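Structural overview for review
Take a look at the letters that make up each chain.
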Amino acid sequence: MDKTTRNNENKWDKLVLSDVPCGRPKVDLNPQKAREWLNKDGILGDLKGKKVLCLASGGGQQSIGFALLGADVTVTDFSSEQLKKDKVASEKFSKDIRIIKSDMRDLSMFRDNEFDIVYQPYSINYIPKTAKIFDEVARIIKIGGIYHLMFHNPFVHGTWKDGCWGGQWCKKDLWNGKGYPIWQPYKDGYKIQTSDPNWNFSDSKGNEVKVKSPQEFKHTLSTVLNGLIRRGFSLLRFDEHKGADYDGDPGTWNHYISVAPPWLYLWVKKVV
């Protein structure tokens, strides 16, 4: 593990200990809620008995959702604190979930063609290069298997100014009076800069919290798409996280995402 990733690991542990929203296990799930969240349109097929890897996906959220849908679930993450949440969720529902601490680029503990589905929520932007991840995913997924990847829209990555973390925690200085400036280079592996070095969020009790931000990196669309194509994947579906509140107050999160969709989602199938 390189120095930047180790620093990110430590920062993620601190974020989880500070009750960051993506580190709160989903103990209110049931199979219907899990299906509407993870497989609403059925693109992943019938999950009963499927071998699913939740990649860099600690927090007790996606893993327990797939387990409730009958999948044979493994979750990996580099944050020990995140993985503790998966244990909380598995014990809450009495579900067996294999929990493994690992850098997302090292999946050597898994066999070739082991998984039917690899599900990766927002995590790939915390490492500078995607090649090792895509190599490993292509190795461990079966022919016909589906890889779901969430990543930051590279065209707008870093357009914020205050280090906000979504929702009500964003501040209005995102807005410069005319728009949301795009100023950081469109370069794969570029270290994203923010003027505020913190994540600003509310904990589950409503307290405002500031925690040092992990380092993020930009990944261009051509790098992601061509990287997957070269490894034998074909595109099944593409989605964007976008809002409809364009008439809202400029500078608010809802207005921002109606102008600049921050996250992109891919579903790709291993065909070769």
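See above for the structure.
Residues numbered from 1 in each chain as written. Predicted model: local features only at pLDDT ≥ 70, side-chain atom pairs only at ≥ 80, totals over all residues. Heavy atoms only, no water.

Examining unusual backbone geometry
Backbone geometry places Ala 56, a non-glycine residue, at a positive phi of 50°. Along the chain, Ala 56 falls in the loop between strand S1 (51-54) and helix H3 (62-68). Relative accessible area serves as the criterion here: at 13%, Ala 56 is assigned to the buried category. (Helix = DSSP H or I, 4+ residues; strand = E, 2+ residues; numbered from the N terminus. Buried < 20%, exposed > 50% of the residue type's maximum accessible area, 1.4 Å probe, protein only.)

Some thoughts on the pairing of strand S2 (residues 72-77)
Within S2, five of the six residues are buried, which leaves it mostly tucked inside the rest of the structure. In the sheet, S1 pairs with S2 via four bridges, with the strands oriented parallel. Bridge pairing in S2 places Lys 51 opposite Asp 72. Pairing between S2 and strand S3 (residues 97-101): five bridges, direction parallel. Among the inter-strand pairings, Thr 76 is bridged to a residue of S3, identified as Ile 100. (Pairing = 2+ DSSP bridges.)

Some points on the pairing of S1
With respect to chirality, the unit in which S1 leads through H3 into the neighbouring parallel S2 is right-handed. Pairing between S1 and strand S4 (residues 115-120): three bridges, direction parallel. Looking at S4, one finds that Cys 54 is bridged to Tyr 119. (Right-handed = clockwise from strand over helix to strand, strands pointing away.)

Digging into helix H5 (residues 131-140)
Buried within H5 we find Ile 133, Phe 134, Glu 136, Val 137, Ala 138 and Ile 140. In this structure, the buried side of H5 is in contact with S1, S4, strand S5 (141-152), helix H6 (221-230), strand S8 (233-240) and strand S9 (263-270). (Contact = heavy atoms within 4.5 Å.)

Some points on the packing of helix H1 (residues 3-17) against helix H4 (residues 80-93)
At a closest axis distance of 7 Å, the pairing of H1 and H4 adopts a crossing angle of 45°. One way to sum up the angle between H1 and H4 is to call them oblique. Residues Trp 12, Asp 13, Val 16 and Leu 17 of H1 touch H4, and the partners they reach there are Ser 80, Glu 81, Gln 82 and Lys 85. (Axes fitted to C-alpha atoms, helices over the stretch in contact; angles between N-to-C directions. Parallel < 35°, antiparallel > 145°, perpendicular 65-115°, else oblique.)

Regarding the nonpolar core
Soluble globular proteins tend to pack their nonpolar side chains together in the buried interior. Counting residues in each nonpolar core, the largest one holds 36 residues, and the members touching the most others are Trp 12, Leu 44 and Phe 66. Tallying contributions element by element places H3 first for this core, with four residues. Apart from residues no more than four positions distant in its own chain, Leu 44 is found in contact with Leu 38, Asn 39, Lys 50, Phe 66, Ile 117, Tyr 119, Ile 146 and Trp 267. Among the nonpolar cores identified, the runner-up in size contains 26 residues, and Leu 55, Leu 107, Phe 151 and Leu 228 belong to it. (Core = buried A, V, L, I, M, F, W, Y, C linked by side-chain atoms within 4.5 Å.)

Some details on the sheet that holds S1
Taken together, seven strands build an open sheet; the order of strands is S3-S2-S1-S4-S5-S9-S8 and the sheet is mixed. If you trace the sheet from one side to the other, it starts and ends with S3 and S8, each paired once. The average angle at which neighbouring strand axes cross in this sheet is 15°, direction not considered. The pairing of S5 with S9 spans seven bridges and is antiparallel. The partner of Phe 151 across the bridge, within S9, is Leu 264. Each of S2 and S3 is contacted by H4, which is oriented at about 170° to S3, the strand it contacts most.

These results come straight from atomic positions and should not be treated as a statement about function.
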